[in-house]
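Below, each chain spelled out in residue letters.
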2 protein chains.
Amino acid sequence: MKKILIDMLGGDYPERILEAMDKALKIDPTLEFILVGDKEKLGNRWEVIHSTDSIGSDEAPTVVRTRKESSISIAAYALRDREDCGAFVSAGNTGAVLTAATLIVGRIPGVLRPALCPSLPTLVEGVRVMIIDAGANMDSKPEYLVQFAIMGSEQMKTKGVESPRVALVNVGTEDNKGNELTAATFIQLKQAHEAGKINFVGNMEANEMMSGKYDVIVCDGFVGNILLKTAEGSFRMLMSKVKGAFRKSIFAMIGGLMSKRQLMKLRALGSSAVGGSIFIGTKKPVVKAHGSASVTALVNAILVARDAARSDLATRIEKALENKG
Amino acid sequence: MKKILIDMLGGDYPERILEAMDKALKIDPTLEFILVGDKEKLGNRWEVIHSTDSIGSDEAPTVVRTRKESSISIAAYALRDREDCGAFVSAGNTGAVLTAATLIVGRIPGVLRPALCPSLPTLVEGVRVMIIDAGANMDSKPEYLVQFAIMGSEQMKTKGVESPRVALVNVGTEDNKGNELTAATFIQLKQAHEAGKINFVGNMEANEMMSGKYDVIVCDGFVGNILLKTAEGSFRMLMSKVKGAFRKSIFAMIGGLMSKRQLMKLRALGSSAVGGSIFIGTKKPVVKAHGSASVTALVNAILVARDAARSDLATRIEKALENKG
């Protein structure tokens, strides 16, 4: 089992990271970590690579080029150079993490643009849906989106989904719907489907995202960010309204108390449902946790990194893209 | 009070429309309707303009150009030509309704593109947020979005919001975030703010849409469609999970029954929360209800049309855009 590099300086609550590591170890005692952070504070339970330079959330992503002593840069170099490192997890500046992954760890040969890929729960128990791209590339071309479809499918295959159902996020299900980008992408995805490269099932409207009918949903990074954050905001809004409803009558209040234990479990559907978004398309996997991720979400991010480190995703993607021409 | 034209042939459940009209009349007995539909079936309680030609949901929007006897076209001509008609409500083919509104009713002088504008509930009781544009224009330019900000603000002013807070939908709150369109739009919105034309409060992330901090959120039609449908899908998903949670233990089940009455009220937060989306930028208001709108949603659409018919929105918008140069 290869080791997982952990950015101890990233995110709004760095103190949660050690707790998440302990919890992840209870789930999987074979996990091994390498911490990147302040040696004086981190003890000697795990190997520590020293860094006290944290890239702030407001800093430009490109600072990773010059800030070679930042925790994000150091971890990216270690991931690239060390045979015993299998993945890197950070809750730090998203742009900086993705830039370091692309520039330092490097792209898989053939990949035009790596993409950020969260996975969400669906209405169907046990089925999760992956969004590719959820924010790494703002202005995308149809060719990028076709590669996203292929890369996302390969990732889902490593999860045991035999023929991942790929959908294109669009404003209607009819073939001719959309804006310039989605209209052009639709045609290319259909061609990739006919060539047997993906299982493209057509356009999908955003309200079907969590229906469980799709395994991989493809969109440009701007739209993916909107999808993810709208879902997060809607959950928060509705949970707050559910809470409010329990306060509206004495019956509802008692009812709320009686069902509290079960309802509390739903809180996990919010931002924690995502936990860790895997950055797909780099030679070794980098996993991004939300800056304000809960301990549960961080545990999830660590497990996403573990699974990615164990899989042969990079080789699969390289092979799948070679077959593309 | 001007009359409201009702498309009796549009939508998946035309039989709900008469019921919705009755309910709307109980709320406001001054309402008057003109029905566009089959004379033989509609009785003589209201004026009926005869049409049996319904434009199907799968037909191209441009058929309104040639199908002059379709209910949508007939209603649009009546709205344009008759002094006693104040607004038009349809649950029919969205593209056809918007095309008829633009081509037949016509744009307000100065308007580049009319936009479709639903309004959603927020976490703050009594505060609703308007999305402009939620799907009328797929590939937008910064100038369109600046006009959307101005038109949306004028609409909110007719609702009593003195200085509507305008936000641009983006992937981060920092000024330099986004794709090409939002980066260019941000600069122009800031200029419009500095010129005193709008109250632009900056970029907004999608998870803040229903926070109650914004009155008008501006985006291109593709993104607006995604925002709206993701929120709808998330509500459906979570309500289904809440229902499921009540089945997980006997305590939760009794709790669910006790709080059912209050929780049922939340169902309205789904698609019914929108009800009617007003198409802003045409000389007279056209309101689009969802094809599968509930009776409650249709009542809401009728009331949106009534308010729009009473307001001086077109005059306000014309004046606001003249001041723009």
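Residues numbered from 1 in each chain as written. Chains lettered and ligands numbered in written order. Predicted model: local features only at pLDDT ≥ 70, side-chain atom pairs only at ≥ 80, totals over all residues. Heavy atoms only, no water.

A.B. asks: Help me out: how do you make sense of the nonpolar core in this one?
C.D. replies: Soluble, globular proteins show a tendency: their nonpolar side chains are buried together. Ile6, Met21, Phe33, Leu35, Val218, Ile278 and Ile302 of chain B are the most contacted members of the largest nonpolar core, which totals 61 residues. When residues in this core are grouped by element, the largest group, 11 residues, is from helix α9 (residues 295-310) of chain B. Each residue touching Met21 of chain B, except ones within four places of it in the same chain, is listed here: Ile6, Met8, Phe33, Leu35, Trp46 and Ile302 of chain B. Grouped together as the second largest cluster of nonpolar side chains are 60 residues, Ile4, Ile132, Ala149 and Ala293 of chain A included. (Core = buried A, V, L, I, M, F, W, Y, C linked by side-chain atoms within 4.5 Å. Buried < 20%, exposed > 50% of the residue type's maximum accessible area, 1.4 Å probe, protein only. Helix = DSSP H or I, 4+ residues; strand = E, 2+ residues; numbered from the N terminus. Contact = heavy atoms within 4.5 Å.)

A.B. asks: What exactly am I supposed to notice about the relation of the copies chain B and chain A here?
C.D. replies: Copy one and copy two of the chain differ by a rotation about a common axis and a shift along it. Once turned by 180 degrees and shifted 0.0 Å along the axis, chain B lies on chain A with an RMSD of 0.0 Å. With respect to symmetry, the two chain copies, as superposed, fit the operation of a two-fold axis. Of every C-alpha in chain B, the one belonging to Gly255 of chain B sits nearest the axis of rotation, 1.7 Å from it. Of the residues that chain B buries at the interface, 100% are likewise interface residues in chain A, meaning the two copies contact each other through the same surface. (Least-squares fit on C-alpha atoms with pLDDT ≥ 70 in both.)

A.B. asks: What's the story with the interface of chain B and chain A in this structure? I'm lost.
C.D. replies: Many analyses report the size of an interface as the accessible area lost when the parts associate. Facing 55 residues of chain B, the contacting portion of chain A comprises 55 residues. Buried area between chain B and chain A, both sides added, is near 5,000 Å², and the carbon and sulfur share of it is 71%. Linking chain B to chain A there are 4 salt bridges. Here chain B is connected to chain A by 14 residue pairs in polar contact (both at pLDDT 80 or more). Where the side of chain B that touches chain A is concerned, the elements lending two or more residues are α6 (180-194), α7 (221-246) and α8 (250-266) of chain B. (Buried area = accessible area lost by both parts, 1.4 Å probe. Salt bridge = Lys/Arg side-chain N within 4 Å of Asp/Glu carboxyl O. Polar contact = N/O pair within 3.5 Å; in protein donor to acceptor, adjacent residues only side chain to side chain.)

A.B. asks: What am I meant to see in the state of the cysteines here?
C.D. replies: Throughout this description, disulfide means a covalent bond between two cysteine sulfur atoms. Residues and elements named next belong to chain B. Per the counting criterion, the structure on display carries 0 disulfides over all chains. Cysteine Cys117 is unpaired, with the sulfur of Cys219 as its nearest cysteine sulfur at 9.5 Å. For Cys117, a relative accessible area of 1% gives the class buried. (Disulfide = S-S within 2.5 Å.)

A.B. asks: Please explain the packing of helix α3 (residues 71-81) of chain B against helix α4 (residues 94-105) of chain B as it appears in this structure.
C.D. replies: Between two packed helices, the angle of one axis relative to the other and the distance separating the axes together describe the packing. All names here are of chain B. Running from N to C, α3 and α4 point in directions that differ by 35 degrees, and their axes come no closer than 9 Å. With respect to the hand of their crossing, α3 and α4 are arranged in right-handed fashion. Across the interface between the two elements, Ile72, Ser73, Ala76, Tyr77, Leu79 and Arg80 from α3 touch Ala96, Val97, Ala100, Ile104 and Val105 from α4. A per-class count over the contact of α3 with α4 returns 9 nonpolar, 1 polar and 1 charged. (Axes fitted to C-alpha atoms, helices over the stretch in contact; angles between N-to-C directions. Left-handed = near helix turned anticlockwise from the far one by under 90°. Nonpolar A, V, L, I, M, F, W, Y, C, P; charged D, E, K, R; others polar.)

A.B. asks: Sorry, what's going on with the sheet that holds strand β5 (residues 115-117) of chain A here?
C.D. replies: Hydrogen bonding along the main chain pairs the strands of a sheet, whether they run parallel or antiparallel. Residues and elements named next belong to chain A. On the basis of which strands lie adjacent, the open sheet formed by 7 strands has the order β3-β2-β1-β4-β12-β11-β5 and mixed pairing. Strand pairing shows two members of the sheet lacking a second neighbour, β3 (47-50) and β5, which therefore form its edges. If you compare each strand with its neighbour and ignore which way they point, the axes differ by 25 degrees on average. Sheet topology places strand β4 (residues 85-90) next to strand β12 (residues 286-289); 3 bridges connect them, and they run parallel. Bridge pairing in β12 places Val89 opposite Val287. Together, β1 (3-7), β2 (33-37), β3, β4 and β12 form the strand contacts of helix α2 (residues 71-81), whose direction differs from that of β4 by roughly 160 degrees. (Pairing = 2+ DSSP bridges.)

A.B. asks: What's the story with α3 of chain B in this structure? I'm lost.
C.D. replies: An α-helix turns once every 3.6 residues. As a result, residues three or four positions apart point the same way. Residues and elements named next belong to chain B. In terms of residue burial, α3 counts as a mostly covered element, since 8 of its 11 residues are buried. Ser71, Ile72, Ser73, Ile74, Ala75, Ala76, Ala78 and Leu79 are the residues of α3 that are buried. Those residues of α3 hidden inside the fold are in contact with β1 (3-7), β2 (33-37), β3 (47-50), β4 (85-90), α4 and β12 (286-289).

A.B. asks: I keep staring at the side chain of Thr182 of chain B and nothing clicks. Help me out?
C.D. replies: Tracing the chain through its elements places Thr182 of chain B in helix α6. Residues in contact with Thr182 of chain B, not counting those within four places in the same chain, are Phe222 of chain A together with Leu168, Val169, Asn170 and Lys177 of chain B.

A.B. asks: What's the story with unusual backbone geometry in this structure? I'm lost.
C.D. replies: Most peptide bonds adopt trans geometry, and most residues besides glycine take a negative phi value. For the bond running from Ile132 of chain A to Asp133 of chain A, omega is 15 degrees, close enough to zero to count as cis. Locating Asp133 of chain A in the fold gives a position in the loop between β7 (128-132) and α4 (142-158).

A.B. asks: What am I meant to see in the packing of helix α6 (residues 221-246) of chain A against α7 of chain B here?
C.D. replies: Relative orientation of the contacting elements α6 of chain A and α7 of chain B amounts to 40 degrees, with a least axis distance of 8 Å. Relative to α7 of chain B, the element α6 of chain A is oriented oblique. In the crossing of α6 of chain A with α7 of chain B, the sense of the turn from one axis to the other is right-handed. The segment α6 of chain A lies against α7 of chain B, with Phe222, Val223, Ile226, Leu227, Thr230, Ala231, Ser234, Phe235, Met237, Leu238, Met239 and Phe246 of chain A engaging Phe222, Val223, Ile226, Leu227, Thr230, Ala231, Ser234, Phe235, Met237, Leu238, Met239 and Phe246 of chain B. Tallied by class, the residues present in the contact of α6 of chain A with α7 of chain B amount to 20 nonpolar, 4 polar and no charged. (Parallel < 35°, antiparallel > 145°, perpendicular 65-115°, else oblique.)

A.B. asks: Explanation requested: the side chain of Asp28 of chain A in the structure shown.
C.D. replies: By the element assignment, Asp28 of chain A lies in the loop between α1 (15-27) and β2. Apart from residues lying up to four places away in sequence, Asp28 of chain A is in contact with Arg306 and Arg310 of chain A.

A.B. asks: I would appreciate a short explanation of the packing of aromatic side chains in the present structure.
C.D. replies: Aromatic ring pairs: the centre-centre distance and the angle between the two ring planes describe each pair. Within the structure shown, the criterion is met by 4 aromatic pairs over all chains. Summarising the aromatic geometry, the rings of Phe33 of chain B and Trp46 of chain B are spaced 5.2 Å apart at their centres and angled 80 degrees between planes, so their arrangement reads as edge-to-face. Taken together, the residues span a long stretch of sequence, with Phe33 of chain B in strand β2 and Trp46 of chain B in the loop between α2 (39-42) and β3 at a distance of 13 residues. The residues Phe33 of chain B and Trp46 of chain B share a single accessibility class, namely buried. Plain terms: the ring middles of Phe186 of chain B and Phe200 of chain B are 5.5 Å apart, the flat faces sit at 70 degrees to each other, and that makes the pair edge-to-face. Here Phe186 of chain B is found in helix α6, whereas its partner Phe200 of chain B is found in strand β9 (residues 199-204), with 14 residues between them in sequence. You'll find Phe186 of chain B and Phe200 of chain B in the same group, each marked buried. Seen from the ring of Tyr13 of chain A, Arg16 of chain A lies directly overhead, with NZ or CZ sitting 3.7 Å from the centre. (Phe/Tyr/Trp six-rings, centres within 6.5 Å; stacked < 30°, edge-to-face > 60°. Lys NZ or Arg CZ within 6 Å of the ring centre and 35° of its normal.)

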